Every structure is written in structure tokens, then in C-alpha cells.
Amino acid sequence: MPTSNRTQHRATIETIAVRAGIESDSQHGAITPPLYLSSNYSFAGFDDKREFDYSRSGNPTRQLLGQALADLEGGYDGIVTSSGMSAIFAVIQLLKGGERILAPHDCYGGTFRLFKSYAEKGLISLDFVDQTDEVALTAALQKKPKLVWIETPSNPLLRVVDIEKISKQAKEHGALVAVDNTFLSPVFQKPLLLGADIVVHSTTKYINGHSDVVGGAVIAKDQQVFEDIKWWANCTGVTGAAFDSFLTLRGLRTLDVRIQRHAKNANKLVDYLVSHPQVEHVYFPGLVGHPGHEIAKKQQSGFGSMISFKINGDVEAVKAFLTGLNVFSLAESLGGVESLICHPATMTHAAVSIEEQAIAGITQNLLRVSVGIENIDDLIEDFESGFNALPSNESIPISAAVAGC
Ligand SMILES: *Cc1c(COP(=O)(O)O)cnc(C)c1O
């Protein structure tokens, strides 16, 4: 273990998350680890540097969070960054000029934009492929990428790819494998144990879980990769603020109970949606008919709590449905305790052209839900009120409209 604060290895998610840094304060015996806001630290004496000297390079509060995330993911250590995007930015600093990234065609929009802009500036070579297409993936690997990027389940249609299989193939071609694990968290998926080298999180989402911090993290399986990314994070100044780390560590304490409750609610909401006459299609890896269901069952320990579905109707129906909601908030982002609903075509994926949206399966009647931890009956009742607001609802017998409740 890299530092003195991590004296004990604790194997279970719940215990790691709750106990990280507890009673680590030797000065006063504080139960909760103190927040170190100081930007700098004194030298013990001439030429005698202590563990920390400057908070961009290292900070005790941030370090606790990084180590906790690494313990949760089964990695060597973690680097906490100012956002999910800066975590991804830090990872790609590992590439030398012209080296290649192989990324999924449906990766997070910010990731897509960063990789594409780096390629357009001539800094890297880049291929976007549908990683569920084995022929395309094999062909892209022949080009010897330095880094294979994986994001599963993907946004917003929750496509699932096989981390173990892709990691193995990537290794045969000498590539590093990084997985964006934001959608599931280590509670439901541990990419490092499936063969990946690096895990990235937008801790803004489930890790913090309270929609009050923007942050990110990189967790590396090996020391050398960790040291290299840590060096770049310090060099480029993308390390996270101490206060954000303090809040995120506080959010992390309840990660397991939150994730379990999120998932329980999501399962019930899916059950409701699949039997609703006003729903055209439900995208959720937990459904047997979902194309990634078998892989999800194998590599995940839960199906998560992101759901997408298509309303039976056009954009007017979507508008009416959203207007009928009182509990769900119309907002981007995900992973907070509160339930959110978003219209990808005009919100998260608005920068994507209509043609590209069509290719990606993003239609005007698609909605994405981040299921929160409120009482599930209230959430279902809220959807019921949304469906009741649909213009076409008059033609549906009341008994059918409420059948799924
Ligand atoms: C939100 C998100 C990011 C970007 O994280 P920020 O904290 O917003 O910078 C990256 N990947 C995924 C999957 C995300 O959902």
C-alpha cells in the first residue's frame, strides 16, 4: 500500500466506503478525517520535505478519497481530479504524439469531443468503432492503438460490451485499456478485475451521489501507470480541490446503500414501463430482450439504475408527458439521490447532428431516466400522471392506462 493511511486492507465494498480514513487523525483522534484546506505545507527543516508540500501535487483529504476509490475498484491507487473530463484528459496524456486511441462510437459526448479535438489538432490518431461489432473491432485493433477506451453501459441506450474479452484482445495488440465506470460504480462493476488497466469516474455522478460536486477520478491497476498519470495531473493542474474531495468522501460513505436502493427502484420502474401501453420500447440491461443482457449478467453484479424508453408518440407527446411530472426533475446529469429525466435529443445529445442521432438510435420520443432513491410508489405515480397528460390518452381505456401501476 502506498501510504501510511491505508494500514488495513478491507475486502468489502460497504466497509471500505464507510471506513476510509476513519480515525486516521493521530493528533486529535477525530473520527471523521479532517479537511485540509491549506494550499501549502511547511518543510520539517532544511532539505527535509514532509509527505505533502503543495496541494496541487498532493493533499491529505484528496489522497484519502483516491485511495478509497482504488480500494473499491481493486486498483493500486487513485488520482482525484477536478471533473470527470479532467480525469479523461489526464489519462490521454499517457499517449505520445501520433499514438492511437480506439474508442466506442457511442461514448460520452464530452469524451467524444475531447478525443476528436485532439485528433483534429494532430496530437493523436483516433478510431471510433461500434465495439459490439467484432469485425470492426478486430480491424481497428490491427492499427495498433496505444489506448483502448471502453464505456459500458453506454449513454443513452445502455449498450453493453464485454470488458474481459475486449481487454484480452487489446492486450494481445499491446494496448492499455481504460474503462469509464461512471454508470455502474464499483458496487456493480469492477473493470480492473476483468482485465482493464485504468478505471475512470465522473465522481459527479454515483460516487458523490448528491449532485453538489463536479469531480473525477482515475484508478490504475499498476503503480507505474498510476505514477505516470499522477505526474501529468500535477503537471497540468487538473487535480481536485480538497473541499470537493471532503464532500465526495462523505457521499461515498453511503455508496452501497444508495446503489442498492437506486437499483431496486429502477427494477420496479422498468416493470411498470414495459407493461405500459404508451411505451414503445424500454432500454435496460436487466431485460432479457436487451442485446447486452447476457454480458451484463456475467460482468456486472447489478443492472444499474439508468433507464431509457421511447414514448408511443411524437415530440408533442414527450412534451405533454414531461409537463405532467411533478417529482422527476427535467435535468441532465445522473447518479444523484434525486430522480431525473432527460430528453437526449434536445439536451445531452443536442450537439450531435440529427443524422448522427438517428444512427445512434436517439429519436425525438426517447427519454432517459436516472432513477433516484425516493419512494418507488411516488415515482410510479408521477409517471402515471405524465402518461395521463398525453394528448392521445383520451382514446385509451382507463383500465389499460393504469394497468401497469
Ligand atoms: C458525466 C460523465 C463524464 C464527464 O464527467 P464530468 O464530471 O461532467 O466532467 C464522463 N463520462 C460519463 C459516462 C459521464 O456520465
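Predicted model only: the values in this text are computed from it and were never measured.

**Thoughts on the overall build of the protein**
Okay, so step 1: Broken down by element type, the protein carries 15 helices and 12 strands.
Okay, so step 2: Rg of the C-alpha trace for the protein: 22 Å, near the compact-globule value of 22 Å for 405 residues, within the 12% margin.
Okay, so step 3: Per-residue burial over the protein gives 54% buried out of 405 residues.
Okay, so step 4: For the protein, the exposed area adds up to about 17500 Å²; of that, 53% sits on carbon and sulfur atoms.

**Description of the layout of surface pockets**
Okay, so step 1: Put simply, the largest pocket is a space of about 860 Å³.
Okay, so step 2: Lining the largest pocket we find 34 residues, and of these Tyr-108, Gly-109, Thr-348, His-349 and Val-352 sit closest to its centre.
Okay, so step 3: Ranked by the residues each element gives to the lining of the largest pocket, the list is headed by helix 4 (residues 109-120), at seven residues.
Okay, so step 4: In terms of residue class, the lining of the largest pocket is built from 16 nonpolar, nine polar and nine charged.

**Overview of the nonpolar core**
Okay, so step 1: Judged by nonpolar contacts, the single largest core of 45 residues is most densely connected at Leu-69, Leu-72, Val-148, Ile-150 and Leu-252.
Okay, so step 2: Ranked by the residues each element gives to this core, the list is headed by helix 2 (residues 60-73), at six residues.
Okay, so step 3: Leave out the neighbours within four places in its chain, and Leu-252 touches Ala-17, Leu-65, Ala-68, Leu-69, Leu-72, Ile-207 and Arg-258.

**Observations concerning helix 9 (residues 242-252)**
Okay, so step 1: Turning to helix 9, its buried residues are Ala-242, Ser-245, Thr-248, Leu-249, Gly-251 and Leu-252.
Okay, so step 2: Buried residues belonging to helix 9 abut helix 1 (13-19), helix 2, strand 1 (77-81) and helix 10 (255-274).

**Brief notes about the domain arrangement of the protein**
Okay, so step 1: Entries for the protein in the domain assignment read domain 1 (3-252) and domain 2 (259-403).
Okay, so step 2: Between the C-alpha centres of domain 1 and domain 2 there is a distance of 29 Å.
Okay, so step 3: The partner domain 2 presents 36 residues to the 25 residues of domain 1 that form the contact.
Okay, so step 4: Across the domain 1/domain 2 interface, buried area totals approximately 2500 Å², and carbon plus sulfur atoms make up 60% of it.

**Considering the side chain of His-290**
Okay, so step 1: Mapped onto the elements of the fold, His-290 is located in the loop between strand 8 (279-283) and helix 11 (293-299).
Okay, so step 2: At 3.0 Å, the side chain of His-290 forms a polar contact with the backbone oxygen of Leu-158.

**Things to note about the packing of aromatic side chains**
Okay, so step 1: Under the definition given, this model contains 15 aromatic pairs.
Okay, so step 2: Seen from their ring centres, Phe-284 and Phe-303 are 6.4 Å apart, and the 65° between their planes marks the pair as edge-to-face. Placement of Phe-284 in the loop between strand 8 and helix 11 and of Phe-303 in the loop between helix 11 and strand 9 (306-311) is noted, with a sequence separation of 19 residues between them.
Okay, so step 3: For Phe-284, a relative accessible area of 1% gives the class buried.
Okay, so step 4: What makes Phe-303 partly exposed here is its relative accessible area of 24%.
Okay, so step 5: Linked through ring pairs, Tyr-272, Phe-309, Phe-321, Phe-328, Phe-383 and Phe-387 together constitute an aromatic cluster.

**What to know about the site of the ligand**
Okay, so step 1: The full set close to the ligand counts 14 residues, and Gly-84, Asp-180, Ser-202, Thr-204 and Lys-205 are the nearest of them.
Okay, so step 2: Between a nitrogen atom of the ligand and a side-chain N or O atom of Asp-180, the distance comes to 2.7 Å.
Okay, so step 3: At 2.8 Å, a side-chain N or O of Ser-202 approaches an oxygen atom of the ligand.
Okay, so step 4: Within the complex, 91% of the 380 Å² of free accessible area of the ligand lies under protein.
Okay, so step 5: Here the residues of the shell around the ligand are counted per class, giving five nonpolar, six polar and three charged.

**Quick look at the pattern of salt bridges**
Okay, so step 1: One pass over the structure, following the stated rule, counts 10 salt bridges.
Okay, so step 2: In this structure, Arg-100 engages Asp-127 in a salt bridge whose closest nitrogen and oxygen atoms are separated by 2.6 Å. With Arg-100 in strand 2 (residues 100-104) and Asp-127 in strand 3 (residues 125-129), the pair connects residues that are 27 residues apart, well separated along the chain.
Okay, so step 3: For Asp-197, the salt bridge goes to Lys-171, with nearest N and O atoms at 3.4 Å. Of this pair, Asp-197 sits in the loop between helix 7 (185-188) and strand 6 (198-202) while Lys-171 sits in helix 6 (residues 163-172), and the two are 26 residues apart along the sequence.
Okay, so step 4: Members of the salt-bridge network, linked through shared partners, are Arg-100, Asp-127 and Lys-143.

About the thresholds
- Residues numbered from 1 in each chain as written.
- Predicted model: local features only at pLDDT ≥ 70, side-chain atom pairs only at ≥ 80, totals over all residues.
- Heavy atoms only, no water.
- Helix = DSSP H or I, 4+ residues; strand = E, 2+ residues; numbered from the N terminus.
- Rg over C-alpha atoms; globule rule 2.2 N^0.38 Å.
- Buried < 20%, exposed > 50% of the residue type's maximum accessible area, 1.4 Å probe, protein only.
- Areas by Shrake-Rupley, 256 points an atom, 1.4 Å probe, with all protein chains shown as cover.
- 1 Å grid on protein atoms, 1.4 Å probe; cavity = no way out; pocket = protein on both sides within 12 Å on 5 of 7 lines; lining within 4 Å.
- Points joined across faces, edges and corners; volume = space filled by probe spheres on them.
- Nonpolar A, V, L, I, M, F, W, Y, C, P; charged D, E, K, R; others polar.
- Core = buried A, V, L, I, M, F, W, Y, C linked by side-chain atoms within 4.5 Å.
- Contact = heavy atoms within 4.5 Å.
- Domains from an automatic or database assignment.
- Buried area = accessible area lost by both parts, 1.4 Å probe.
- Polar contact = N/O pair within 3.5 Å; in protein donor to acceptor, adjacent residues only side chain to side chain.
- Phe/Tyr/Trp six-rings, centres within 6.5 Å; stacked < 30°, edge-to-face > 60°.
- Near = heavy atom within 4 Å.
- Salt bridge = Lys/Arg side-chain N within 4 Å of Asp/Glu carboxyl O.

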